Amino acid sequence: MSDHVYKKVELIGSSKVSVTEAIETAIMRASKTMRNLEWFEVDQIRGQIKDGAVAHYQVVVKVGFRIDD
């Protein structure tokens, strides 16, 4: 097994449906332009309240990717 080096970037995903969808949106979009995505961690969860109900979710996600050898 060889040693690897990783880089971590911060993404912000949003969704009107759920926190999970906000995470998946951020990762799917990043995977279109980034290679070697391997893990993520949720850093923050925020939302918008409108008329007494949750109207929007926003999630700050740190995504780790492996640097090419």
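For clarity, every value in this text was computed on a predicted model and none was experimentally measured.

A closer look at the sheet that holds strand β2 (residues 37-50)
Working step 1: Spatially, β1-β3-β2 is the arrangement adopted by the three strands of the open sheet, whose pairing is antiparallel. Unpaired on one side and paired on the other, β1 (6-15) and β2 mark the two borders of the sheet. With direction set aside, neighbouring strand axes in the sheet form an average angle of 15°.
Working step 2: Of the strand pairs in this sheet, β1 and strand β3 (residues 53-66) are connected by 10 bridges, and their pairing is antiparallel. Residue pairing in the sheet places Ser-15 in a bridge with Tyr-57 of β3.

Some words on the nonpolar core
Working step 1: Within the largest apolar cluster, eight residues are counted, these being Leu-11, Ala-22, Ile-23, Ala-26, Ala-30, Val-59, Val-61 and Val-63.
Working step 2: Breaking this core down by element, the ones donating at least two residues are α1 (19-31) and β3.
Working step 3: With four residues, the single largest contributor to this core is α1.
Working step 4: Leaving out residues up to four positions away in the same chain, Leu-11 has contacts with Ala-26, Ala-30, Val-59, Val-60, Val-61 and Val-63.

Parameters and conventions
Residues numbered from 1 in each chain as written. Predicted model: local features only at pLDDT ≥ 70, side-chain atom pairs only at ≥ 80, totals over all residues. Heavy atoms only, no water. Pairing = 2+ DSSP bridges. Helix = DSSP H or I, 4+ residues; strand = E, 2+ residues; numbered from the N terminus. Axes fitted to C-alpha atoms, helices over the stretch in contact; angles between N-to-C directions. Core = buried A, V, L, I, M, F, W, Y, C linked by side-chain atoms within 4.5 Å. Buried < 20%, exposed > 50% of the residue type's maximum accessible area, 1.4 Å probe, protein only. Contact = heavy atoms within 4.5 Å.

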